[in-house]
Amino acid sequence: MKKMHRHILELIWIGIASIVLSAVESVAQLPYWARETNLRNDLLSGNEVNFGIEYDPVVPPKTDNGENTLVKVGINVFKIKEIDIATSLMSLNMWVRLSWKDARLAWNVSDPKYLDVDHTTFKASTDPDSTQIWVPDLELYNQAESLSSFPEKDAMVYPDGSIFWSRIGNMEVLCAFSGLMKHPFDKTECSIDLAGWTRSGRFANYTFMDPPVDYQQASSKTPTSMTTYQEYAIVIGADRTSRREVLYDCCPNEPWPTLTFTFVFERLTTSYYMRSLVIVMVIFTFVAGCTCKLDIRCGERLGFGITILLAMVATEIIASEMLPTCPEYLWIEVITFGSTSFAGLCLFESCLVTHIYYKQRKEDISEFVKDANDTKSSVSDDVVSSNEKDDMDLKCFVDSITTPEDLEKLASEWMENITPCDGNENINQNNGRNNRSRDSFFRKFSMRKKKKSAHEKWSEERGLSMESFKLAEKIDHNFFIGFMSIYPLFLIVMYSSVNLFEDGYAVNL
């Protein structure tokens, strides 16, 4: 009897084993895509792990024992798209990577239904209407554009429930730049703040991957990530990271983990700014200083100085489009403003010496005009009648007598030109000779009177014109020496004090 029971049990076990083997063989005969499809359907529709409940992508995978979901965050920088210091905008092309575990998406790799299915993918998005699985609602706090603008990418899911989600896109950040006061010798910094938006640290605990930051351009596998023909380059290895927990008034008992990534950028266009702006302004300033060596009587001196100053102002206007409008004093602004001030001082000096010189000569100018009018009148005397000419000569003759000595001297000269009347000569002939002698005398007297111009006579009497010219020349000489001593010293001080231009805005991590 016992042998019969044993035989029956053996037959039952053989039947069960054959059924199982046939089932395994049938499953193994399914193609890979069918097995993965079965896995995806089972995970989302509910399996024994999640108690047969349909997967809800809005609910985070938090357990009853108080454990929150550990979300690791990493960044892989591909390339700099734009850094605009005038608008405090930074745009980086990067890969944002997240990894976490969701027990609802785990499966048994030894299950014949999922044979050789070591991973699968699900549609992942921050939009709950389009995502298939729960994803952390990570957000960029200092954003110019939300992380939701990144293209949607599938998340990779592994048998133990581990999920890896990587997206590539342009991260637009509003930066609090630091280090710009040394412009154009600056190494500027910009920080990125990433944290959850609707789920606090009770549900998602954000931390860094290892390593937190990777650089694609450091890998020879992607030559397109190289930095060429750009103003800035990322300083690889100079990044800093920090994690802090913030408490808000809305929920004082819930910490909000915040991850901060700080990147350092090195300017590659220092020589461009030096060549196109600083050196040009320095050359303009030295040329403006050389106006002191132009003759004060040169009418183009003031015009030349004004032209240089206007050229410097135009250069500063063009440069202002590339610089931020801020209350801080940038190094490049200080040196350009100082150079413009020196050029303006040179123009002021030219105005000063011109005023000094021509103020002393204003009476000389009026005398010159009067002398020119007298010369014009003397030319017109050739066409007037002889009687009028005689009257004018007589008037000049009378006006020339100012002292008794002049009268006695002129009388003696007059007598020398008068021919006495002989008895044998006709009176009319004698009068004619005397008239001609008188005319000759007056002409000689007039010529002698004009041997020295009114300007020379006035200068001899007062000595002001020569004095003003020497004074202007002395001012020019002393100012030029002072300019050539002080302005190069100013340039030396500026170049040696570059490192003193610190703004203290760097984020201390």
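Keep in mind it's a predicted model, so treat the numbers as computed, not measured.

### Things to note about the overall build of the protein
In step 1: Of the regular secondary structure elements, the protein holds 11 helices and 11 strands.
In step 2: Here the protein holds 509 residues, and the buried ones make up 37% of them.
In step 3: For the protein, the share of sequence-separated contacts (at least 6 apart) that also reach a separation of at least 24 residues comes to 77%.
In step 4: When the accessible surface of the protein is split by element, carbon and sulfur atoms take 59% of a total near 29800 Å².

### Describing the state of the cysteines
In step 1: A complete count under the given rule lists 1 disulfide for this structure.
In step 2: Disulfide pairing places Cys 175 opposite Cys 190 at an S-S distance of 1.8 Å. Disulfide Cys 175-Cys 190: torsion about the S-S bond near -75 degrees, hence left-handed. Of this pair, Cys 175 sits in the loop between strand 6 (162-174) and strand 7 (187-196) while Cys 190 sits in strand 7; the two residues are 15 residues apart in sequence, bridging distant segments of the chain.

### Observations regarding the nonpolar core
In step 1: With 52 residues, the main nonpolar core has Ile 192, Phe 261, Phe 263 and Phe 265 as its most contacted residues.
In step 2: Ignoring any residue separated from it by four or fewer positions in sequence, one finds Ile 192 in contact with Met 90, Met 94, Leu 140, Asn 142, Met 171, Val 173, Leu 259, Thr 260, Phe 261 and Phe 263.
In step 3: Counting residues in hydrophobic clusters, the runner-up holds 29 residues, among them Met 181, Phe 490, Val 498 and Phe 501.

### Here we look at the environment of Tyr 55
In step 1: Topologically, Tyr 55 is positioned in the loop between helix 2 (32-45) and strand 1 (69-84).
In step 2: Since its relative accessible area comes to 8%, Tyr 55 is described here as buried.
In step 3: Considered as a pair, Tyr 55 and Leu 105 are 50 residues apart in the sequence and their alpha carbons are 8.8 Å apart.
In step 4: Once residues within four sequence positions are removed from consideration, Tyr 55 is found in contact with Leu 43, Leu 44, Asp 102, Arg 104, Leu 105, Gln 132, Ile 133 and Trp 134.

### Remarks on the environment of Tyr 215
In step 1: Tracing the sequence through the fold places Tyr 215 in strand 8 (residues 204-215).
In step 2: Placed 136 residues apart in sequence, Tyr 215 and Lys 79 show a C-alpha to C-alpha distance of 8.6 Å.
In step 3: Discounting chain neighbours no more than four positions away, the residues touching Tyr 215 are Asn 76, Val 77, Ile 234, Val 235, Ile 236, Gly 237, Asp 239 and Phe 263.
In step 4: In terms of polar contacts, Tyr 215 uses its side chain to reach the side chain of Asp 239, at 2.5 Å.

### Here we look at a nonpolar patch on the surface
In step 1: Together, Ile 279, Ile 283, Val 287, Leu 294 and Phe 304 line one region of the surface with nonpolar side chains, adding up to about 380 Å² of accessible area.
In step 2: At 3 residues, helix 3 (residues 270-289) tops the list of elements feeding residues into the nonpolar patch.
In step 3: Inspection of the secondary structure puts Leu 294 in the loop between helix 3 and helix 4 (300-320).
In step 4: Leu 294 sits in the partly exposed class, given a relative accessible area of 32%.

### Observations concerning unusual backbone geometry
In step 1: Residue His 183 is joined to Pro 184 through a cis peptide bond whose omega torsion reads 10 degrees.
In step 2: Inspection of the secondary structure assignment puts Pro 184 in the loop between strand 6 and strand 7.
In step 3: Residue Asp 210 is joined to Pro 211 through a cis peptide bond whose omega torsion reads 0 degrees.
In step 4: Relative to the elements of secondary structure, Pro 211 occurs in strand 8.
In step 5: Phi at Ser 88 takes a positive value of approximately 60 degrees, unusual for a residue other than glycine.
In step 6: In this structure, Ser 88 sits in the loop between strand 1 and strand 2 (89-101).
In step 7: You will see that Tyr 229, though not glycine, has its phi angle at about 55 degrees, which is positive.
In step 8: With respect to the helices and strands, Tyr 229 occurs in the loop between strand 8 and strand 9 (232-234).
In step 9: On the accessibility criterion, Tyr 229 (88% relative accessible area) is exposed.

### Observations concerning the packing of helix 3 against helix 4
In step 1: One can describe the packing of helix 3 onto helix 4 by two numbers: an axis separation of 10 Å at closest approach and a directional angle of 165 degrees. In terms of their interaxial angle, helix 3 and helix 4 are classed as roughly antiparallel. Seen along the crossing, helix 3 lies across helix 4 with a hand that is left-handed. Note on element contacts: helix 4 touches helix 3 through Phe 304, Ile 308, Ala 311, Met 312, Thr 315, Glu 316 and Ala 319, opposite Leu 277, Met 281, Phe 284, Thr 285, Val 287 and Ala 288.
In step 2: For the contact of helix 3 with helix 4, the per-class residue count stands at 10 nonpolar, 2 polar and 1 charged.

### Quick look at the confidence of the model for the protein
In step 1: Counting all residues, the mean pLDDT for the protein is 79, and 70% of those residues have values of 70 or more.
In step 2: Model confidence for the protein, summarised as mean pLDDT per element, is weakest for helix 10 (residues 454-462) at 48 and strongest for strand 5 (residues 154-157) at 96.
In step 3: Counted against residues more than four places away or in other chains, residues 445-451, with its pLDDT under 50, gives 7 contacts.

How each quantity is defined
- Residues numbered from 1 in each chain as written.
- Predicted model: local features only at pLDDT ≥ 70, side-chain atom pairs only at ≥ 80, totals over all residues.
- Heavy atoms only, no water.
- Helix = DSSP H or I, 4+ residues; strand = E, 2+ residues; numbered from the N terminus.
- Buried < 20%, exposed > 50% of the residue type's maximum accessible area, 1.4 Å probe, protein only.
- Contact = heavy atoms within 4.5 Å.
- Areas by Shrake-Rupley, 256 points an atom, 1.4 Å probe, with all protein chains shown as cover.
- Disulfide = S-S within 2.5 Å.
- Core = buried A, V, L, I, M, F, W, Y, C linked by side-chain atoms within 4.5 Å.
- Polar contact = N/O pair within 3.5 Å; in protein donor to acceptor, adjacent residues only side chain to side chain.
- Patch = residues over 30% accessible without salt bridge, like charges linked within 9 Å, V, L, I, M, F, W, Y side chains within 5 Å.
- Salt bridge = Lys/Arg side-chain N within 4 Å of Asp/Glu carboxyl O.
- Axes fitted to C-alpha atoms, helices over the stretch in contact; angles between N-to-C directions.
- Parallel < 35°, antiparallel > 145°, perpendicular 65-115°, else oblique.
- Left-handed = near helix turned anticlockwise from the far one by under 90°.
- Nonpolar A, V, L, I, M, F, W, Y, C, P; charged D, E, K, R; others polar.
- pLDDT = per-residue confidence, 0-100.

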